[in-house]
Amino acid sequence: MDGANPGAAQVITVVVADDQTTVRDGLSTVLSLLPDVEVVGEARDGAEAVELVRRLAPRVVLMDLRMPGIDGVAATATITATHPETAVLVLTTYADDASIAGALRAGARGYLTKDAGRAEIAAAIRSVASGHTTLAADVGARLVAALDTPAAPAADLTDRELDVLRLMAKGRNNTEIARELFIGVSTVKSHINSLFGKLGVRDRGQAIAYAHRAGLAR
């Protein structure tokens, strides 16, 4: 049977994270047919994925990248930093260099595109659950060039920008950051725009990935 693994000794618990209901339902249905995989939760965005990992401690998160609020890269960075025993396997429509590099730098252990079949997804889940890295063939071909791109030089962030970045890396939204730092939300947004420019990043996910790589997320 396609995707079967009769020798599996232990059920692999999985959280599926995708903002599209039909995709989540489809993946959960496909995975339910595998004898050694159990879907224990579904998340509509990165924040829900992080919370489900905190509560359920799954062995694998099947993670979409482009989601509202906290996206897949930011959620991956938080999960891999706070729950290293949980492997993140990206399953996304996007296979551009920036998406691949961002996800892997954030700590994803695998990367597939959504044209992957059931057997490929099943094999990838088992692989990352065992501590291995697995990449779609086309993703592997692009990876070397993507990761060879030099990292942005260390930025001269102010103390307040560092505070904001650290809280972003902990999964806080702008309102929560404002509350913890006793500043206005508009001031938080100003600091975020400034640190984006200094770090040379385009979005929140890339900034959070930078924070984890730089050891600022502890």
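Just above sits the structure.
About the criteria used
- Along every chain, residues carry numbers that run from 1 in the direction the sequence is written.
- The predicted origin of the model limits local features to residues at a pLDDT of at least 70 and limits the giving and counting of side-chain atom pairs to 80 or more, whereas totals for whole chains, interfaces and linings rest on all residues.
- Working from all heavy atoms in the structure, the side-chain values ignore hydrogens and water.
- Helix and strand assignments come from DSSP, with helices taken as H or I runs of at least 4 residues and strands as E runs of at least 2, each series counted from the N terminus.
- For the exposure calls, accessible area comes from a 1.4 Å probe over protein chains only, and a residue counts as buried if that area is under 20% of its type's maximum, exposed if over 50%, partly exposed in between.
- The contact criterion used is simple: two residues touch if any of their non-hydrogen atoms lie within 4.5 Å.
- Per-residue and other accessible areas were derived by the Shrake-Rupley procedure at a 1.4 Å probe size, with only the shown protein chains allowed to occlude residues.
- A helix is expected to reach a length of 1.5 Å times the quantity of its residues less one.
- What the arc measures is the spread of directions leading from the helix axis to the C-beta atoms.
- All axes are obtained by fitting lines to C-alpha atoms, using only the stretch in contact for helices, and the reported angles, taken between N-to-C directions, cover 0 to 180 degrees.
- For this classification, under 35 degrees means roughly parallel, over 145 means roughly antiparallel, 65 to 115 means roughly perpendicular, and everything else is oblique.
- Note on terminology: a nonpolar core comprises buried Ala, Val, Leu, Ile, Met, Phe, Trp, Tyr and Cys residues joined through side-chain atoms within 4.5 Å.
- Salt bridges are defined as contacts in which a side-chain nitrogen from Lys or Arg sits within 4 Å of a carboxyl oxygen from Asp or Glu.
- A pair of strands counts as paired when DSSP detects no fewer than two bridges linking them.

1. Things to note about the overall build of the protein
Next, step 1: A tally of regular secondary structure across the protein gives 10 helices and 6 strands.
Next, step 2: The buried share among the 218 residues of the protein stands at 46%.
Next, step 3: Residue pairs in contact within the protein that sit at least 24 positions apart in sequence constitute 66% of those at least 6 positions apart.
Next, step 4: Within the structure as shown, the protein displays about 10200 Å² of accessible surface, and the carbon and sulfur contribution to it stands at 51%.

2. Focus on helix H9 (residues 185–199)
Next, step 1: In this model H9 runs 21 Å from its N-terminal to its C-terminal C-alpha over 15 residues, within 8% of the 21 Å that 1.5 Å per residue would give.
Next, step 2: Taken residue by residue, H9 has Val188, His191, Ile192, Leu195, Phe196 and Leu199 as its buried positions. One face of H9 carries all of its buried residues, which in axial projection span an arc of 140°. Structural note: H9 exposes Ser186, Asn193 and Gly197 on the side pointing more than 90 degrees away from its buried face.

3. Details of unusual backbone geometry
Next, step 1: Even without being a glycine, Ala57 presents a positive backbone phi close to 50°.
Next, step 2: Positionally, Ala57 belongs in the loop between helix H2 (46–56) and strand S3 (60–63).
Next, step 3: If you check the backbone angles, Phe182 has positive phi at about 60° while not being a glycine.
Next, step 4: Tracing the backbone through its elements, the reader meets Phe182 in the loop between helix H8 (174–181) and H9.

4. Things to note about the packing of helix H7 (residues 159–169) against H9
Next, step 1: Where H7 contacts H9, the two axes come as close as 10 Å, and the packing angle between them is 95°. Judged on the interaxial angle alone, H9 and H7 are roughly perpendicular. Taking contact as the criterion, the partners of Arg160, Glu161, Val164, Leu165 and Met168 in H7 are, on H9, His191, Ile192, Ser194, Leu195, Phe196, Lys198 and Leu199.

5. Looking at the nonpolar core
Next, step 1: Judged by nonpolar contacts, the single largest core of 67 residues is most densely connected at Val14, Leu31, Met63, Ile121, Ile125 and Leu165.
Next, step 2: For Met63, the contacting residues outside a window of four places in its chain are Ala17, Ala49, Gly72, Ala75, Thr76, Ile79, Val88, Leu89, Val90 and Leu91.

6. What to know about the pattern of salt bridges
Pairs can form between side chains of opposite charge once their charged atoms are near each other.
Next, step 1: Here the structure, examined in full by the defined rule, presents 11 salt bridges.
Next, step 2: Across the salt bridge formed by Arg55 and Glu51, the nearest N and O atoms sit 3.5 Å from each other. Taken as a pair, Arg55 and Glu51 lie in helix H2 at a separation of 4 residues, close to a single helical turn.
Next, step 3: Residue Arg172 is joined to Glu180 by a salt bridge in which the shortest nitrogen-to-oxygen separation is 2.5 Å.
Next, step 4: One connected set of salt bridges, linked through shared partners, spans Asp18, Asp64 and Lys114.

7. Section: the environment of Gly107
Next, step 1: Mapped onto the fold, Gly107 is located in the loop between helix H4 (97–105) and strand S5 (110–113).
Next, step 2: Classification of Gly107 by relative accessible area gives partly exposed; the value is 31%.
Next, step 3: If we ignore the near neighbours within four places in the chain, the residues touching Gly107 are Thr76 and Thr80.

8. Examining H7
Next, step 1: The set of residues buried in H7 consists of Glu161, Leu162, Val164, Leu165, Leu167, Met168 and Ala169.
Next, step 2: Check the buried side of H7 and you find it contacts helix H3 (72–82), H8, H9 and helix H10 (204–213).
Next, step 3: One or two residues past the end of H7 sits Gly171, with phi positive at roughly 90°.

9. A word on the pairing of strand S2 (residues 37–43)
Next, step 1: With 6 bridges connecting them, strand S1 (residues 12–17) and S2 associate as parallel partners. Bridged to Val15 within S2 is Gly41.

10. Here's the deal with the sheet that holds S3
Next, step 1: The strand order across the open sheet formed by 6 strands is S2-S1-S3-S4-S5-S6, and the pairing between neighbours is parallel. Each edge of the open sheet carries a strand with a single partner, namely S2 and strand S6 (134–135).
Next, step 2: Strands S1, S2, S3 and strand S4 (87–92) of the sheet are contacted by helix H1 (residues 21–32), whose axis makes an angle of about 165° with S2.
Next, step 3: Those strands touched by H3 are S3 and S4, and its axis lies near 170° from that of S3.

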